[in-house]
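# Structure assessment
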Amino acid sequence: MGYQGNSQSCDELMESIKANNYGTTYSSYTSEAISKVTFYEVMIDYQTYYFAIVCFKSEYSYNCSEYLYQVASNTKLNYSLNYLDSAGKAFWKYIQPYNKNLDCAPDFE
């Protein structure tokens, strides 16, 4: 199911998605770990792919580190309904299970 691009690196793929598509962002001001999650629907060769770019807060800094996940079509809806209660729990439940699709995200063991 994973998107097989023309062997772009994770960073190149993420920049391409951000540059060429309109995303929906859910910010989490109270979360200790997650700053925001932006969801994208990307049409490639008449097929729709769903991506989430998760921005993890950096300790002692206002910056965040971005990671790309390829997710399911219903991930955005599930996340949006639950992130206000806990962005971290919503991330673990709805986004983290997809971290192997692209291998662009860290393993949190």
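Further up the page is the structure itself.
Residues numbered from 1 in each chain as written. Predicted model: local features only at pLDDT ≥ 70, side-chain atom pairs only at ≥ 80, totals over all residues. Heavy atoms only, no water.

One pass over the structure, following the stated rule, counts two salt bridges. Between Glu 15 and Lys 18 there is a salt bridge, with its nearest N and O atoms 3.7 Å apart. One end of the pair is Glu 15 and the other is Lys 18, both in helix α1 (residues 10-20) and three residues apart, which spans about a single turn. Its relative accessible area of 45% is what places Glu 15 among the partly exposed residues. The residue Glu 66 makes a salt bridge to Lys 18 at a minimum N-O spacing of 2.5 Å. Here the residue Glu 66 occupies a position in strand β4 (residues 64-71), and Lys 18 occupies one in helix α1, the gap between them amounting to 48 residues. Accessibility expressed as a relative area gives 28% for Lys 18, which makes it partly exposed. The network of salt bridges with shared partners includes Glu 15, Lys 18 and Glu 66. (Salt bridge = Lys/Arg side-chain N within 4 Å of Asp/Glu carboxyl O. Helix = DSSP H or I, 4+ residues; strand = E, 2+ residues; numbered from the N terminus. Buried < 20%, exposed > 50% of the residue type's maximum accessible area, 1.4 Å probe, protein only.)

Geometry only, nothing functional implied.
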